[in-house]
Amino acid sequence: MKKYIPNALTLLNLLCGSIAVLFVVNDNFIAGALFVFLGIFFDFFDGFAARKLNVQSELGVQLDSLADMVTSGLMPGLVMYKLLEIVESDWGEVDLSEDFGIPLLPLLGLSITLASAYRLAKFNIDTEQQSFFKGLPTPANTLLIISLPLILEYQNNDAINQIILNKWFLIGLTIFSCWILNANIKLFALKFKDYSFKTNATRYIFIILCLVLLIVLHFAAIPLIIVLYIIMSILDNLSK
């Protein structure tokens, strides 16, 4: 019976991601973000459960990536599509069929979905990524993108809002997102072989800084946390 527990958690991740898509399609970013957070929660604990119960399987690996493709692949691309749709003005429309036309610029946001799919496929065949990641993990990238509408909704800062709703910022972030997902940069994983500070100093410092930033800046802390994660990983690599 225990062998089904990790896969059940993975399917809950997929369910949450699917519900999140429905909310975002209907312009409800807040509810969508809530289900993304739930999906990422289940995504973290399915692997943890598989290791603790010693029931890792190839099926679980493939199922995990398929679930991530929705929660952490389709979702960030769709959120960026919606944000670019909001700021789209003079880029015009392109007719994709005789019956309907859609804005051209927002389609760029879906490149995040394509880059996520490519990253997940590479991860499945890479035997090196056990204690580290190559490129930004898709859940982290999803948190980065989904934080934008949350900042707009809750931070109430005109200067930040103007930055986020600037089409050049969103275009640049989309390009950066696609690149960092597949960049050949080693980023540490939050997996602890033991709990000593000496072995896990970078992880402990990162977690403490994350908590401080979240308490002080709330949702605005999430982009800074992602940048901090990348910088600390690079510094950690240089120190070895």
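None of these values were measured; they are calculated from a predicted model.

## Here's the deal with the nonpolar core
Phase 1: If you look at the biggest cluster of nonpolar residues, it comprises 54 residues, and the most contacted ones within it are Met75, Val79, Met80 and Phe206.
Phase 2: Broken down by element, this core gets its largest block of residues, 8 residues, from helix 3 (residues 58–87).
Phase 3: Apart from residues no more than four positions distant in its own chain, Met80 is found in contact with Gly109, Ile112, Ile145, Leu148, Leu170, Leu173 and Thr174.

## Concerning helix 2 (residues 29–53)
Phase 1: Here helix 2 is 25 residues long and its end C-alpha atoms lie 36 Å apart, about the 36 Å a rise of 1.5 Å per residue gives.
Phase 2: Count one or two residues on from helix 2 and you reach Asn54, which has phi positive near 55°.

## Details of the packing of aromatic side chains
Phase 1: A complete count under the given rule lists 10 aromatic pairs for this structure.
Phase 2: Ring centres of Phe23 and Phe35 lie 5.7 Å apart, and the angle between their planes is 20°; this geometry places the pair in the stacked category. Separated by 12 residues along the polypeptide, Phe23 in helix 1 (residues 5–25) and Phe35 in helix 2 bring together distant segments of the chain.
Phase 3: When its relative accessible area of 28% is taken as the criterion, Phe23 is described as partly exposed.
Phase 4: Ring centres 6.4 Å apart and planes at 35° place the aromatic pair Phe123 and Phe133 in the tilted group.

## Some points on the confidence of the model for the protein chain
Phase 1: This prediction gives the protein chain a mean pLDDT of 89; 93% of its residues lie at or above 70.
Phase 2: Between the elements of the protein chain, mean pLDDT differs from a low of 50, seen in strand 1 (residues 93–95), to a high of 97, seen in helix 7 (residues 167–182).

## What about the environment of Lys186?
Phase 1: Structurally, the position occupied by Lys186 is in strand 4 (residues 186–188).
Phase 2: Lys186 gets classed as partly exposed once you look at its relative accessible area, which sits at 44%.
Phase 3: Ignoring any residue separated from it by four or fewer positions in sequence, one finds Lys186 in contact with Phe132, Phe133, Ser233 and Asn237.

## Let's talk about the layout of surface pockets
Phase 1: By volume, the second largest pocket amounts to about 270 Å³.
Phase 2: Residue lining of the second largest pocket: 15 residues in total, with Leu144, Leu148, Phe169, Pro223 and Leu224 positioned closest to the centre.
Phase 3: No other element matches helix 9 (residues 221–238), which puts 5 residues into the lining of the second largest pocket.
Phase 4: The class makeup of the residues in the lining of the second largest pocket is 15 nonpolar, no polar and no charged.

## A word on helix 8 (residues 201–217)
Phase 1: Taking 1.5 Å per residue, 17 residues should reach 24 Å; helix 8 reaches 24 Å between its end C-alpha atoms and fits that length.
Phase 2: Taken together, the buried positions of helix 8 are occupied by Thr202, Arg203, Phe206 and Cys210. Buried residues of helix 8, viewed axially, fall in a sector of 90°; they line one side. Of the exposed residues in helix 8, the ones pointing more than 90 degrees away from its buried face are Ile208, Leu211, Ile215 and Val216.
Phase 3: Backbone geometry just after helix 8 places His218 at a positive phi near 60°.

Calculation rules
- The numbering scheme is per chain: residues are counted from 1 as the chain's sequence reads.
- Whole-chain, interface and lining totals are the exception, using all residues; otherwise, since this is a predicted model, local features are given only for residues with pLDDT of at least 70 and side-chain atom pairs are given and counted only at 80 or more.
- For side-chain calculations, the full set of non-hydrogen atoms in the structure is used, while hydrogens and water are omitted.
- As used in this record, nonpolar core signifies buried Ala, Val, Leu, Ile, Met, Phe, Trp, Tyr and Cys residues forming a set joined through side-chain atoms within 4.5 Å.
- Three exposure classes are used, based on accessible area relative to the maximum for each residue type with a 1.4 Å probe and protein chains only: buried under 20%, partly exposed in between, and exposed over 50%.
- Runs of H or I in DSSP of at least four residues are treated as helices and runs of E of at least two as strands, each being numbered from the N terminus.
- Two residues qualify as a contact provided that any one of their heavy atoms is within 4.5 Å of a heavy atom in the partner residue.
- Take the residue count of a helix, subtract one, and multiply by 1.5 Å to get its expected span.
- Stacked, edge-to-face and tilted are the three classes for Phe, Tyr and Trp ring pairs, Trp counted by its six-membered ring, which pair at centre distances within 6.5 Å; planes under 30 degrees apart are stacked, over 60 edge-to-face, the rest tilted.
- The predictor rates its confidence in each residue with pLDDT, a number between 0 and 100.
- Only protein atoms enter the 1 Å grid used here. Points where a 1.4 Å probe fits but cannot escape make up a cavity, open sets with protein on both sides within 12 Å along at least five of seven lines make up a pocket, and a residue lines them when an atom lies within 4 Å of a point.
- Grid points are joined across faces, edges and corners, and a volume is the space filled by probe spheres set on the points.
- Charged means Asp, Glu, Lys or Arg here, nonpolar means Ala, Val, Leu, Ile, Met, Phe, Trp, Tyr, Cys or Pro, and polar covers whatever is left, Gly included.
- Picture the helix axis, draw a direction to every C-beta atom, and the arc is the one those directions span.

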